[in-house]
Amino acid sequence: MSAMPFGAAVRTAAPLRPERSMDEAAFEAFYRKTAGGIWAYIYRMTGDAAMADDLLQKTFFKFLRSNPSIADDDHLRRYVYKTATNLVFDHFRETKRDRARAYEWMPAEVRPDRGDLRHDMARVFADLKPQERALLWLAHVEGNSHEEIAEAIGVKAKSIKVMLFRARKRLGEMLTKKGLAPEVTR
Amino acid sequence: MTTECPFEPNVIDAVTSDAWTESLRAHVASCDDCAAAAEVAPWMARFSGIDAREHILPDPAVLWLKAKLLQTSAAVERASLPITRLQIAAYLIIAACWAALLTWKSSALQAWINHFSPGHMILGAAGAEATASMSLTVLLAVAILASATVGVAMHTILAEE
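Residues numbered from 1 in each chain as written. Chains lettered and ligands numbered in written order. Predicted model: local features only at pLDDT ≥ 70, side-chain atom pairs only at ≥ 80, totals over all residues.

*Asks:* Tell me about the overall build of chain A, residues and numbers included.
*Replies:* Across its full length, chain A holds seven helices and one strand. Overall, chain A shows an N-to-C arrangement of helices and strands of β-α-α-α-α-α-α-α. Scored against the burial criterion, the 186 residues of chain A give a buried share of 35%. (Helix = DSSP H or I, 4+ residues; strand = E, 2+ residues; numbered from the N terminus. Buried ≥ 20, exposed ≤ 12 C-beta atoms within 10 Å, placed from the backbone.)

What follows is the structure, given as structure tokens:
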């Protein structure tokens, strides 16, 4: 096992076109560059470190099964983010009811709203819809363009502007409501 | 307008690094998208940084190996698919033959089986009489079907091993 940096920002691009198959060394280099960012993305989407580990592995299994070429790192990153997003959304679809029930029955002391800032922030982010979380993370943390975000979450590029605006407004309202809104110095 | 504002990345950068310029301030005042981005950007930057610790990720060598093993097993599965289909077809044909035979010769078979009951055995009438009640063709059909059933079952077991 090796330690990887958490939350490294990456840029993404288009689908794979196998040219020359990736060997183990090239895969390891690509993995070390992208896995930290992918893990952070999945973790913030799911709020569950074990699930993030699991979905990260599934993402890279799918990636390797697609017979990746080593031609363009950007294409590979785009593909990996798209795969990770699909897996996370599938996970939400599968566990929607279970999650709602689990939270209802969770004892108050283990619920993620334990009062400290870290948990408050995580709680606010978790209250957003999965698609809003993906939009905000990809735009603000990964620094992706609208086109890249559209490809990752599987919607039309021209819809992203409105969707992102709404997600930002919703997050802003939630932060104001909870008294967590930071002061913006302009 | 549905296209991305070209200043959006600059606004996010300016908020997170606190490097505002007069022109950017003026732009944010007139652009709803950039104003919304500027509103949440500091929080997002802080949120993405709260867990800036080292996380132990799965070893890429292990992932590579697992993926190759999965690929191999998937290839084996793909290669054995026609055999599996043939086995299923064979089972269905054999089951249909058994059903047809049992329906067609049910009374004769019932009588033949009854000859092996303890009562008939005591009377010593099982052997020749029992064979006589069944035609040679039916006995042959039963033998062939029984062999075919055992054969297909053995093939399935050996293929799985």
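*Asks:* Give a description of the interface of chain B and chain A that names residues and reports values.
*Replies:* Chain B puts 41 residues into the contact, and the matching count from chain A is 43 residues. Among the secondary structure elements, those contributing two or more residues to the side of chain B that touches chain A are helix H1 (8–17), helix H2 (22–30), helix H3 (32–49), strand S1 (55–57) and helix H4 (60–104) of chain B. Here the side of chain B that touches chain A takes 14 residues from H3 of chain B, the largest share from any one element. A per-class count over the side of chain B that touches chain A returns 25 nonpolar, five polar and eleven charged. (Contact = placed C-beta atoms within 7 Å. Nonpolar A, V, L, I, M, F, W, Y, C, P; charged D, E, K, R; others polar.)

*Asks:* Tell me about the confidence of the model for chain B, residues and numbers included.
*Replies:* Residues and elements named next belong to chain B. Mean pLDDT over chain B stands at 83; residues scoring 70 or higher make up 87%. At the low end of the mean pLDDT range in chain B sits helix H7 (residues 127–133), at 56; at the high end sits H2, at 90. Interface confidence for the predicted complex, expressed as ipTM, amounts to 0.74; the pTM equals 0.67. (pLDDT = per-residue confidence, 0-100.)

*Asks:* Report on the confidence of the model for chain A, specifying residues and quantitative values.
*Replies:* Residue and element names in this part refer to chain A. On average, residues of chain A score 79 in pLDDT, and 74% of them reach the 70 mark or higher. The least confident element of chain A, judged by mean pLDDT, is strand S1 (residues 2–4) at 42; the most confident is helix H5 (residues 130–141) at 93. A low-confidence stretch, residues 1–16 (pLDDT under 50), is modelled with 58 contacts involving residues beyond four sequence positions or located in other chains. Segment residues 101–110 is flagged for pLDDT under 50; beyond a separation of four residues in sequence, or across chains, it makes one contact in the model.

*Asks:* How would you summarise unusual backbone geometry if you had to cite specific residues and measurements?
*Replies:* Residues and elements named next belong to chain B. Of note, Asp 18 is a non-glycine position whose phi angle comes to about 55°, a positive value. The residue Asp 18 is located in the loop between H1 and H2 in this model. When the 11 C-beta atoms within 10 Å are taken as the criterion, Asp 18 is described as exposed.

*Asks:* Tell me about the packing of helix H1 (residues 24–46) of chain A against H5 of chain A, residues and numbers included.
*Replies:* All names here are of chain A. Between H1 and H5, the least distance of the axes is 9 Å, while the angle of their chain directions is 145°. Our pair here, H1 against H5, has a crossing hand that is right-handed. Every residue of H5 that contacts H1 at Tyr 41, Arg 44 and Met 45 is listed here: Pro 130, Arg 133, Ala 134 and Trp 137. A per-class count over the contact of H1 with H5 returns five nonpolar, no polar and two charged. (Axes fitted to C-alpha atoms, helices over the stretch in contact; angles between N-to-C directions. Left-handed = near helix turned anticlockwise from the far one by under 90°.)

*Asks:* Please provide a residue-by-residue account of H1 of chain A, values included.
*Replies:* Along H1 of chain A, the sharpest change in direction is near 45° and occurs at Thr 34 of chain A. Just beyond H1 of chain A, the residue with positive phi is Gly 47 of chain A, at close to 70°. (Bend = angle between axes of the 7 residues up to and from the residue.)

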